[in-house]
Structures are given as C-alpha cells and as structure tokens.
Amino acid sequence: MRKLLPRAALFLSLVVLITAPQWADGQPYLLHMLVLACVLVVPAVGLNLMLGYSGLVSLGHMGFAGIGAYVAAVLMVDLHWGFWSALAVATLAAGLAGAMIGLVCFRFRGHFFMIVTLAFGLMLHAVMNNWDAVTRGAAGFAGIPRPSPIRWGDSIFSFGPLNHFYYVALGLACVAFVVQHGVVNSHLGRILAAIRQDEPLVRSRGVNALLYKTVVFALGTGLAGLGGVLQVCFLRVAAPASFTMLESINMVLIVIIGGAGSLVGPALGALLYVGLPELLRVANEWRLVIFGFLLVLITLYAPTGLAGLLRTGWQLLWRQNAKVPSP
C-alpha cells in the first residue's frame, strides 16, 4: 500500500501527458509549454545521471546539446538525411565527444573539474558561433525539418502539427527516463553511487573508477545531444544562443530544484522552470524577481529539491495514517 499511491500518481501523470493534445485542444500555447518541458527534460536527465548519481558537476552541459543539434542540422539540411538516422548519429556524436572531453576533465577534482567543463562549454559555443561555413554562425542554422510523415495504409500521420510533434517530444523524454532508470538500478549505477561517496575506497577495491565515470559522462552528454536534436527540430532552427554558458547553468538549476539524484527530479524541475514564469505573468515586470525569490526559497527549505519535498510529505502522511487506530 505504501508504494501503491506513488505508482498510481505516476500512472495518472502518464495518462494526463498522453492525452494532453485532447484536453489541451484549442490551447496551443499550453501544448507548446509541454513540448518545451519535454525538450528540457532530456538533457536534464543526462545531467542528473552525472550530477545527481555520480557527483560530476558539469557547467558546459548544453555545449554537448549543441553538438547533437548541429550534427543533426548538417545531416538533415545539407546531406538530406532522415530525422531518425540523424538523431541516432547526433546522439552518438555528442556521447563520443563527451567521453573524449571527459577524459581530460577527470584529471581534475572538485571546483577545478567544474571550471574545466565550463571552459569546454565556452569553447564549443565559440565554435558554433564562429564556424560560419558549417554552423551558419550567429545567424543560426535555419530550415531544420521535422520527422517525415508515417504512412499506414492509406493514412498519413504528419509530425508537422504541434499536437503531433508533441508525441515525438514525449516519447523521447520517456526514452531518457527509461535509460536513467536502467542505469540507476544496474551494476553501473551502484558503482557510480559508490564512487560518489568515496572514490579512493572504490579505487582501492580494484574498480576502474575512470572507466565508469567516462561511461556515465558519455551517457549524460549523449542524452544532452538527443535533447539538442529535439530542440532544434521543435524550433526549426539551431542557434548558438540556445547553447550558452547561461543555458548550462539553467540546466544545473533545473536538476537541483527538481531533485538531484531522484528519478523524477528532472521532470519536476523542467515543469517548474517552464511553467512558473508563465503563471507569474500577471505580475508583469516583477515576475522574474518573484520567480528568482521562489527558487531561492526552494533551495533553502527544500535542499533535496521538489522530489525530496514530495517524498518527505508522503512519508509524513503515511506515518500519521499509520498512527490512527483502526475502528
């Protein structure tokens, strides 16, 4: 019974998300916000694997999303590849770049590691912004198509409309969560948790910590690349402004506010990051001030994020109900 309610809440949430195009019919802006949340969730899951479960704080995460975005843009626009094949190659390219850059970053510890990841993120952004022949420079890489229509007999399902593309975004977000769940509950996840707690002890037991950290860095940056492809296909343009240092810091904020080291933390953080500023539009020019103030309060009084806050509330409710004597 104790685990039944959280599972029921998860199932209900999935039902609500799957039926969103139906109950949000006539409200395209709401559906737009949900797609944007799904776009942010994918790289957030990748960063959660690195930051939340492995203790690797990367401040250049969105630079790898840019690698995936621009690789897919070149393949689809210049080489006329299909969406799904370009998506696979771009994700692998971002993961491979993450593995190679990670080998350099892992030579450093603590805040030095964060500074080096920040430096690589700045370098990647500079390449996107100045390599005009490939990336189209600061003007952006326009004309990125959405997935080709699916033909089923005489029926054609096009991903051009927002309510159809929403299912692509939701599906890829679910894939990211499945990958995260599989990693966390595997031998790899247990080794990463041990490395986060006490890396010298893990090394003393003969475990190749560098190999495991490289694997999770590649997985995290690969998911960032996947999110980058999803983002540029949604917006139909790849622009360097989407992959700046500020966006990387915002991604760290999403993970921490949602709950680093929690399976649902990235989703909660992305929904808050996208939805709260829109709800505060009634405050006009004060909305960003209020938004920042609320984030500070969450950080101070919910150090384990929204996921931890919900978990604590559920545990307190369960204990109170357990104390009530049955009639």
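Here the structure is shown first, and the text comes after it.
Sequence order sets the numbering: in each chain, residues are counted from 1 along the sequence as written. Confidence filtering applies because this is a predicted model: local features only for residues at pLDDT of at least 70, side-chain atom pairs given and counted only at 80 or more, and all residues used for totals across whole chains, interfaces and linings. Each side-chain value is derived from all of the structure's non-hydrogen atoms; neither hydrogens nor water enter the calculation.

K.L.:
What is the right way to look at the packing of helix α4 (residues 61–78) against helix α5 (residues 83–105) in this model?
P.N.:
When two helices pack together, you describe them by how their axes are tilted relative to each other and by the distance separating the axes. Note on method: axes are straight lines fitted to C-alpha atoms, helices fitted across the in-contact stretch only, with angles between N-to-C directions ranging 0 to 180 degrees. Strands here are runs of E lasting at least two residues and helices are runs of H or I lasting at least four, both read from the DSSP assignment and numbered beginning at the N terminus. Two elements in contact, α4 and α5, have axes whose closest approach is 8 Å; the angle formed by their N-to-C orientations is 145 degrees. Judged by the sense of rotation from one axis to the other, the crossing of α4 with α5 is right-handed. Counted together, F64, I67, G68, V71, A72, L75 and M76 of α4 and F83, A86, V89, A90, A93, A94, A97, G98 and I101 of α5 form the full contact between these two elements. Of the residues in the contact of α4 with α5, the class split is 14 nonpolar, two polar and no charged. A crossing counts as left-handed when the near helix is turned anticlockwise from the far one by less than a right angle, and as right-handed when that turn is clockwise. By definition, residues are in contact when any of their heavy atoms lie within 4.5 Å. All residues other than Ala, Val, Leu, Ile, Met, Phe, Trp, Tyr, Cys, Pro, Asp, Glu, Lys and Arg, Gly among them, are scored as polar; the first ten of these are nonpolar and the last four charged.

K.L.:
Can you help me understand the pattern of salt bridges in this one?
P.N.:
Opposite charge on two side chains allows them to pair when their charged atoms are near. Note on definitions: salt bridges are taken to be side-chain nitrogens of Lys or Arg within 4 Å of carboxyl oxygens of Asp or Glu. What the rule picks out here adds up to four salt bridges. With a shortest N-O distance of 2.7 Å, R203 and E199 are connected by a salt bridge. You can see R203 and its partner E199 sitting in helix α9 (residues 187–204), four residues apart, about one turn around the helix. Judged by its relative accessible area of 38%, R203 falls in the partly exposed class. For every residue, the accessible area (1.4 Å probe, protein chains only) is compared with the maximum for its type, and the residue is labelled buried under 20%, exposed over 50%, or partly exposed between those bounds.

K.L.:
Is there a simple way to think about the packing of aromatic side chains in this case?
P.N.:
Any pair of Phe, Tyr and Trp rings, taking the six-membered ring for Trp, is counted once the centres come within 6.5 Å. Such a pair is stacked with planes under 30 degrees apart, edge-to-face with planes over 60 apart, and tilted for the rest. Across all of its chains, the model carries eight aromatic pairs by this definition. Ring geometry for Y70 and F243: centres 6.4 Å apart, planes at 65 degrees, overall edge-to-face. With Y70 in helix α4 and F243 in the loop between β4 (237–238) and α11 (245–258), this pair connects stretches of sequence that are 173 residues apart. Like F243, Y70 is buried. Taken together, a centroid distance of 5.5 Å and an interplanar angle of 80 degrees make the contact between F106 and F217 edge-to-face. Of this pair, F106 sits in the loop between α5 and α6 (110–130) while F217 sits in helix α10 (residues 209–235), placing them 111 residues apart in sequence. This pair shows no difference in class: F106 is buried, exactly as F217 is. Through a chain of ring-to-ring contacts, the aromatic side chains of F64, F106, F113 and F217 assemble into a single cluster. In this scheme, Lys NZ or Arg CZ marks a charge over a ring once it lies within 6 Å of the ring centre and within 35 degrees of the ring normal. Over the ring of F141 we find R136, and its NZ or CZ is 3.9 Å from the ring centre.

K.L.:
Explanation requested: helix α3 (residues 28–51) in the structure shown.
P.N.:
Two residues of an α-helix separated by three or four positions point the same way, owing to the 3.6 residues in each turn. Counted at 1.5 Å a residue, the expected span for α3 with its 24 residues is 34 Å, and the 34 Å between its end C-alpha atoms agrees. Burial of α3 is extensive: 19 of the 24 residues sit out of reach of the surface. Expected helix span is computed as 1.5 Å times (number of residues minus one).

K.L.:
What is the right way to read the packing of α5 against α10 from this model?
P.N.:
The geometry of α5 relative to α10 is characterised by a closest axis approach of 7 Å and an angle of 140 degrees between their N-to-C directions. Here α5 is positioned oblique relative to α10, judged by the angle of their axes. Once α5 is placed against α10, the crossing between them reads as right-handed. Contacts between α5 and α10 involve F83, L87, A90, T91, A94, G95, G98, A99, G102 and L103 on the former and, on the latter, L210, T214, F217, A218, T221, G222, G225, L226, V229 and C233. Across the contact of α5 with α10, the residue classes tally to twelve nonpolar, eight polar and no charged. Angles are sorted into four bins: roughly parallel if under 35 degrees, roughly antiparallel if over 145, roughly perpendicular if 65 to 115, and oblique for all others.

K.L.:
Mind showing me how you'd approach the nonpolar core here?
P.N.:
Throughout this description, the term nonpolar core refers to a set of buried Ala, Val, Leu, Ile, Met, Phe, Trp, Tyr and Cys residues connected via side-chain atoms within 4.5 Å. Core analysis: the biggest nonpolar cluster contains 75 residues, and L230 and F243 have the highest contact counts within it. Broken down by element, this core gets its largest block of residues, 16 residues, from α3. Ignoring any residue separated from it by four or fewer positions in sequence, one finds L230 in contact with C38, V39, V42, F165, V168, A169 and L172. If you look at the next biggest cluster of nonpolar residues, it comprises nine residues, including I257, L272, L280 and L295.

K.L.:
Help me understand the side chain of T135, please; the structure alone is not making it clear to me.
P.N.:
Tracing the backbone through its elements, the reader meets T135 in helix α7 (residues 132–135). The buried category is assigned to T135, whose relative accessible area is 4%. Within the structure, the side chain of T135 is placed 2.8 Å from the backbone oxygen of W131, a separation counted as a polar contact. Here T135 is in contact with Y70, V127, M128, G140 and F141, once residues within four sequence places are set aside. N or O atoms within 3.5 Å of each other form a polar contact, as long as, within protein, one can give a hydrogen and the other can take it, and as long as residues adjacent in sequence are counted only when both atoms are side-chain atoms.

K.L.:
Could you clarify how one ought to interpret a nonpolar patch on the surface in this entry?
P.N.:
Two distance rules govern patches: like charges are joined within 9 Å, and nonpolar side chains (Val, Leu, Ile, Met, Phe, Trp, Tyr) within 5 Å, applied only to residues with over 30% relative accessible area and no salt bridge. Where accessible areas are quoted, they stem from the Shrake-Rupley method and a 1.4 Å probe; at the residue level, only the protein chains shown are allowed to cover. Among the surface-exposed residues, L10, L14, I18, I150, F157 and Y167 lie close enough to one another that they form a single nonpolar patch of about 510 Å² accessible area. In terms of residue count, the dominant contributor to the nonpolar patch is helix α1 (residues 4–18) (three residues). Within the secondary structure, F157 sits in strand β3 (residues 155–157). Taking the relative accessible area as the measure of exposure, F157 reaches 34% and is therefore partly exposed.

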